[in-house]
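# Coordinates in review
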Amino acid sequence: MSHHGVGPRPGRSAVMRSVTFLAAGALAVPLLAGCGSDDEGSKPLAGQDVAAAARDAVAEGGTLKWAVDAVPETLNTFQADADAGTTRVAQAVLPSMFTIDATGRAVRDADYLESAKVIETEPRQVVLYKLNQQAVWSDGREIGAADFAAQWRALSGKDSAYWTARNAGYDRIAKIERGANDLEVRVTFERPYTDWKSLFSPLYPKEVMGTPDAFNDGARRKLALSAGPFKVDKVDTAKKDVVLTRNPRWWGRPAKLDEIDLHAVDRDKRATALAAGTVDAADIDPSEAQRIISAGRDQGSGGAPLQGAGKTSAKKLRSLALTLGMDGKHLPKGPKKLRKSISKWLEEQQELRDVQVRKSLEPAYTQLALNGSEGPLADERVRRAVARALDRQTLAKLVLTPLGLPAVPVGSHVALSGQAAYADGSGTLGGLDTHEAQALLADAGWVAGGPVKAPDKAAGAQTGNGGKTGKGDKDDESGDGGSDGQYIVGEDDKSPESPDDKDTRDHQKDQAHGAPGAYAPRGTAAPKGPQAAAAPLAKDGQALTLRFVLPSGPGSQTLQDVAERIRQMLSAVGIQSEITKVSDESYFKDHIASGQYDLALYSWPSSPFPATDARPIYAKPVPAADGSLNVEQNYTRVGTDQVDQLFDQALGTLDEDEADGLLRKADSRIWAAAGSLPLYQRPQIVGARKDLVNVGAFGFQTPVYQDMGFLKKGAKVSQSPAAK
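Residues numbered from 1 in each chain as written. Predicted model: local features only at pLDDT ≥ 70, side-chain atom pairs only at ≥ 80, totals over all residues. Heavy atoms only, no water.

### Comments concerning the sheet that holds strand 4 (residues 113-120)
To be explicit about the condition: Paired strands, as defined in this entry, are two strands with at least two bridges between them according to DSSP. Numbering goes from the N terminus for both helices and strands, where a helix is a DSSP run of H or I of at least four residues and a strand is a run of E of at least two. Axes, fitted as lines to C-alpha atoms, cover a helix only where it is in contact. Angles between the N-to-C directions of the axes lie from 0 to 180 degrees. Residues are treated as being in contact if the distance between any of their heavy atoms lies within 4.5 Å.
Strand order in the open sheet made by the four strands is 4-5-7-6, with antiparallel pairing throughout. Strands at the two margins of the open sheet, each flanked by one partner only, are strand 4 and strand 6 (173-178). For this sheet, the mean inter-axis angle between neighbouring strands, taken without regard to orientation, is 15°. Across six bridges, strand 4 lies against strand 5 (residues 126-131) in antiparallel orientation. Each bridged residue has a counterpart across the sheet, and for Val118 the counterpart in strand 5 is Val127. Taken strand by strand, helix 3 (residues 145-155) contacts strand 5, strand 6 and strand 7 (184-189), and its axis lies near 160° from that of strand 6.

### A look at the layout of surface pockets
The gaps left among the atoms become clear once a water-sized probe is rolled over them. Rule in force here: Here the term cavity refers to a set of points on a 1 Å grid, laid over the protein atoms alone, in which a 1.4 Å probe fits but cannot get out; the term pocket refers to an open set having protein on both sides within 12 Å along at least five of seven lines, with lining residues being those that place an atom within 4 Å of a point. Grid points are joined across faces, edges and corners, and a volume is the space filled by probe spheres set on the points. Three categories are distinguished: nonpolar for Ala, Val, Leu, Ile, Met, Phe, Trp, Tyr, Cys and Pro, charged for Asp, Glu, Lys and Arg, and polar for the others, with Gly belonging to the last.
Considering only enclosed or pocket space, the second largest pocket measures out at about 510 Å³ in volume. What lines the second largest pocket is a set of 26 residues, among which Thr99, Asp109, Thr702, Pro703 and Val704 lie closest to the centre. Residue assignment for the lining of the second largest pocket shows that the elements contributing at least two residues are helix 1 (13-16), helix 2 (84-93), strand 2 (98-100) and strand 3 (106-108). For the lining of the second largest pocket, the element with the most residues is strand 2, which contributes three residues. Taken together, the residues of the lining of the second largest pocket sort by class into 13 nonpolar, eight polar and five charged.

### Focus on the packing of aromatic side chains
Rules: Stacked, edge-to-face and tilted labels apply to pairs of Phe, Tyr and Trp rings (six-membered ring for Trp) whose centres lie within 6.5 Å, assigned for plane angles under 30 degrees, over 60, and everything in between, in that order. With a 1.4 Å probe rolled over the protein chains alone, any residue whose accessible area is under 20% of its type maximum counts as buried; one over 50% counts as exposed, and the rest are partly exposed. The rule is short: NZ of Lys or CZ of Arg within 6 Å of the ring centre and within 35 degrees of the ring normal puts a charge over the ring.
Taken as a whole and assessed by the stated rule, the structure comprises 20 aromatic pairs. Between the aromatic rings of Tyr587 and Phe588, the centroid separation amounts to 5.9 Å while the plane-to-plane angle is 80°, which identifies the pairing as edge-to-face. By the burial criterion, Tyr587 is buried, and Phe588 matches it. Linked through ring pairs, Phe78, Phe98, Tyr129, Phe148, Tyr170, Trp196, Phe200 and Tyr204 together constitute an aromatic cluster. Across from the ring centre of Trp66, 4.1 Å away, lies the NZ or CZ of Arg88, which sits over that ring.

### Comments concerning the pairing of strand 9 (residues 241-246)
Counting buried positions along strand 9 yields five of six residues, so the element is predominantly enclosed. Sheet topology note: the strand 8 (residues 230-236)/strand 9 ladder contains six bridges and is antiparallel. Across the sheet, residue Lys234 finds its bridge partner in strand 9, namely Val243. Bridge analysis of strand 9 against strand 10 (residues 259-264) gives five bridges, and the strand direction is antiparallel. By the bridge assignment, Val243 is partnered in strand 10 with Asp261.

### A closer look at the nonpolar core
Note the threshold: In plain words, nonpolar cores are sets of buried Ala, Val, Leu, Ile, Met, Phe, Trp, Tyr and Cys residues tied together by side-chain atoms within 4.5 Å.
Core analysis: the largest hydrophobic core is formed by 106 residues, its most contacted members being Trp66, Met97, Tyr129, Phe200 and Tyr602. In contact with Tyr129, other than residues within four places in its own chain, are Met97, Leu113, Ser115, Ala116, Phe148, Leu183, Glu184, Val185, Val187, Trp196 and Phe200.

### A look at the environment of Phe98
Tracing the backbone shows Phe98 in strand 2. The residues contacting Phe98, other than those within four sequence positions of it, are Ala106, Val107, Arg108, Asp109, Leu113, Ala116, Trp196, Lys197 and Ser201.

### As for the side chain of Asp236
Spelled out, the test is: All tallies of charge rest on Lys and Arg as positive and Asp and Glu as negative; His and the ends of each chain are not included. The term salt bridge refers to a pairing of a side-chain nitrogen on Lys or Arg with a carboxyl oxygen on Asp or Glu at a separation within 4 Å. We define a polar contact as two N or O atoms separated by no more than 3.5 Å, with the added condition that, inside protein, one atom must be a possible hydrogen donor and the other a possible acceptor, whereas residues neighbouring each other in sequence contribute only through side-chain atom pairs.
Locating Asp236 in the fold gives a position in strand 8. Although buried, Asp236 forms no salt bridge, and the nearest oppositely charged side chain, Lys234, lies 4.6 Å from it. A distance of 3.1 Å separates a polar atom in the side chain of Asp236 from the backbone nitrogen of Ala238.

### Notes on the pattern of salt bridges
Under the criterion given, the structure shown has 30 salt bridges. Asp182 serves as the salt-bridge partner of Arg178, at 2.6 Å between the closest nitrogen and oxygen. Given a relative accessible area of 45%, Asp182 falls into the partly exposed group. One salt bridge in this structure joins Arg246 and Asp258, with 3.7 Å as the shortest N-O distance. Of this pair, Arg246 sits in strand 9 while Asp258 sits in the loop between strand 9 and strand 10; the two residues are twelve residues apart in sequence, bridging distant segments of the chain. Take Asp258: its relative accessible area is 38%, and that puts it in the partly exposed class.

Taken by themselves, the reported measurements are silent on function.
Next comes the structure, spelled out in structure tokens:
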């Protein structure tokens, strides 16, 4: 799980989308259709940025060193610990009957399929696949019905010996058989399934899927067979590499590269790795993107600030380091170490001039999750008040405008702009209206200025977050501002200023200028929002204070900035929030999945198959046999029978337009329940060597691995490369 807050969708979904962090999500009215015009989803908000080049402009050979978060624990995408690295390997080495195009729609992959269509609907749905006659596994065996059948049996859910992450779609299949010849595969369904194109992408050989032992253990660290432009050569955990080499049996357009090395690099070390040439491409964070942009802009200035033999105080060196954009939190102490660190930084800046930033919008959205299982947010009126207090446009601008990306709030839980099911359904809940938010809170019994009972030490601190405690919980024994046994909400202790805070403040005073469009130095106070804080609210002796849980690891700064702005917006209507930062490792497991939070920020990947993939995220929690609550992936624990029914109807129709309409109705009901509030489409930022082409910010589209490579001398990139 990564530190960007992308919630994991295990199984086939992991193949189509980066599953990170979350390397980690999640939010009585009449039935409403989604609001918005018919053409709202006509195109993505941002296109690809991959330095596109025609194949005849790409040099033959070479090795692409590509950063990943970690060496994959498994190469089987249908296992629970599959991650973004697993996805990347599968896309390069395995067949997929359908891939994703630039608008987020599933399209036939002609390297494997001549055609695939529904040929019967009564008495059962039957899909006929006609395979490319050249499609073979790397041992020379034809891809055929036996591979399809083995994958169905493994993923059907009927044999618990297979340790599968999920069985969606495969559990609807009744049988698989050979068609009129070896190149035809007939798949008969027990129940109609609208998302049949989601199946067999990727397709594993029967040698991997044929037995539970092979499935569970046979494809974790190796893949003996492949059927893509590349094959797995080795997984080297010591060197943190997965090495892919050309597949000599590949029948399609030959790969331009000799080799792709997927190398594990920590997020906060990727700019350094790009400068050193140990990687050629890497997903990066906004701060590293700004560093690369600055390196290209500051031509001819490297090294000058440290020339001369005179002594420089640690304070002046620290100020210089902050001016250069170095991370003040990790600067060494003392002038000697500071000088060495600055010199290394400047040397890296020289090397980063050969690197460029490529950016688009990732097929994933960040949302504010409201835990509706207990505490104040169990009341729908309070959840709706939180929603009406948010200026989602401002939050989108906070994240996307500095990157030069379109700052448009996401209007749907089931699709993104450009996808067929997209329509802005946020009007069901309503936009920013602080007066309406305060009216909803008053109707729920939360009043301003009420006294709050002091926490009972014997029982543990009880706050308005359902009894959960965390950093920021305080006992007030002084009685200041109230009678014994009471304290007044909103009176927080002020923390003493640290030396680092003072250094940063002094630097900001001295350096009150900067390059146009530059990010503010770390530590710069966020500008205050237009709303003044309202009087805190209380009810029955409890303060309306929500526990806001966030990850603390590298790459989480954007989420922390967004959370602070949300905290200010909620304060404007009297809702207090206590921000608690936890380790990336425990964020999902110990807090989100277990329900130990009130508010949280994390992301969900978008899917071309929302009827299948979005349903478990918004399904109504139901009691399990052991008495626990089965929430599937609905970590907000807010759901309704009507939403479940609409998803089920969408799954069962073979009319794509009808399915999209049902999904829009489901989305409207999800908005009305106010458990999940989509905020913005996540930025996708990639640092890449300038001569590396057909690699970068892919947006919706599945990467074309055989076209990746390095530009020939004298050749130029093109807007629309043509395969040749």
